[in-house]
Amino acid sequence: DKIKGMTLPVHTSIVSLLSGMCAGASEAVFAVTPMETVKTKTIEMNVGFVEGTKRIVQSSGLGGLYQGLASTIMKQASNQ
């Protein structure tokens, strides 16, 4: 009963904004950046998805899949 009567100390619109930004940032980290990097580089290399991913990881390591992460996080966080 005590919990039902409690209110958040932060306005709900701020919470919604921060939630959306975090959702966009996690989307950028786990989905958008690696896929866009692979897509762009495989087009340049003129190879398929799997072969392109192998080449990127062999030449640059797993970090190679995350080139441009900061700008993608900012873009995706502002979309939400």
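Predicted model, so just to flag it, every value in this text is computed and none were measured.

**Q** Can you break down the overall build of the protein chain residue by residue, with the values?
**A** Each helix and strand counted, the protein chain has four helices and zero strands in total. Along the protein chain, helices and strands appear, N-terminal first, in the series α-α-α-α. Expressed as a percentage of the 80 residues in the protein chain, the buried residues total 20%. Taking the contacts inside the protein chain whose residues are at least 6 apart along the sequence as the reference set, 62% of them involve residues at least 24 apart. Carbon and sulfur atoms form 64% of the exposed surface of the protein chain, whose accessible area is close to 5900 Å².

**Q** I'd love a proper account of helix H2 (residues 12–45), names of residues and values included.
**A** Taking 1.5 Å of rise per residue, 34 residues should cover 50 Å, and H2 covers 47 Å from first to last C-alpha, within 8% of that figure. By the largest-angle criterion, Ala28 marks the main kink of H2, which is about 50 degrees. Taken together, the buried positions of H2 are occupied by Gly20, Gly24, Ala28, Val32, Thr33, Pro34, Thr37, Val38 and Thr42. Those residues of H2 that are buried are in contact with helix H3 (49–60) and helix H4 (69–79). One or two steps after H2, the chain reaches Asn46, where phi turns positive at roughly 60 degrees.

**Q** Can you explain the pattern of salt bridges? Please cite residues and give values.
**A** The tally for this structure, following the rule as stated, stands at two salt bridges. Of the charged contacts in the structure, one is a salt bridge between Glu36 and Lys39, with a shortest N-O distance of 3.1 Å. Residue Glu36 and its partner Lys39 are both found in helix H2; the two are separated by three residues, about one turn of the helix. Take Glu36: its relative accessible area is 38%, and that puts it in the partly exposed class. Ionic pairing is found between Arg55 and Glu51, a salt bridge with its closest N-O pair at 3.2 Å. Linking Arg55 with Glu51, this pair stays in helix H3, spanning four residues, or about one helical turn. Looking at Arg55, the relative accessible area reads 36%, which means it is partly exposed. Classification of Glu51 by relative accessible area gives partly exposed; the value is 34%.

**Q** Give me unusual backbone geometry: which residues, what numbers.
**A** The residue Asn46 is not glycine, and still its phi comes out positive at about 60 degrees. On the secondary structure map, Asn46 appears in the loop between H2 and H3.

**Q** Tell me about the packing of H2 against H4, and name the residues and values.
**A** H4 packs onto H2 with a crossing angle of 135 degrees between their chain directions and a minimal axis gap of 7 Å. With respect to H4, the element H2 is oriented oblique. As for how H2 packs across H4, the hand of that crossing is right-handed. On H4, the residues touching Gly20, Met21, Gly24, Ala25, Glu27, Ala28, Val29, Val32 and Thr33 of H2 are Leu69, Thr72, Ile73, Gln76 and Ala77. Each residue belonging to the contact of H2 with H4 can be placed in one class, and the counts come to eight nonpolar, five polar and one charged.

Each value, and the rule that gives it
- Residues numbered from 1 in each chain as written.
- Predicted model: local features only at pLDDT ≥ 70, side-chain atom pairs only at ≥ 80, totals over all residues.
- Heavy atoms only, no water.
- Helix = DSSP H or I, 4+ residues; strand = E, 2+ residues; numbered from the N terminus.
- Buried < 20%, exposed > 50% of the residue type's maximum accessible area, 1.4 Å probe, protein only.
- Contact = heavy atoms within 4.5 Å.
- Areas by Shrake-Rupley, 256 points an atom, 1.4 Å probe, with all protein chains shown as cover.
- Expected span 1.5 Å × (residues − 1).
- Bend = angle between axes of the 7 residues up to and from the residue.
- Salt bridge = Lys/Arg side-chain N within 4 Å of Asp/Glu carboxyl O.
- Axes fitted to C-alpha atoms, helices over the stretch in contact; angles between N-to-C directions.
- Parallel < 35°, antiparallel > 145°, perpendicular 65-115°, else oblique.
- Left-handed = near helix turned anticlockwise from the far one by under 90°.
- Nonpolar A, V, L, I, M, F, W, Y, C, P; charged D, E, K, R; others polar.

Functional significance is not addressed by these values, which are geometric in nature.
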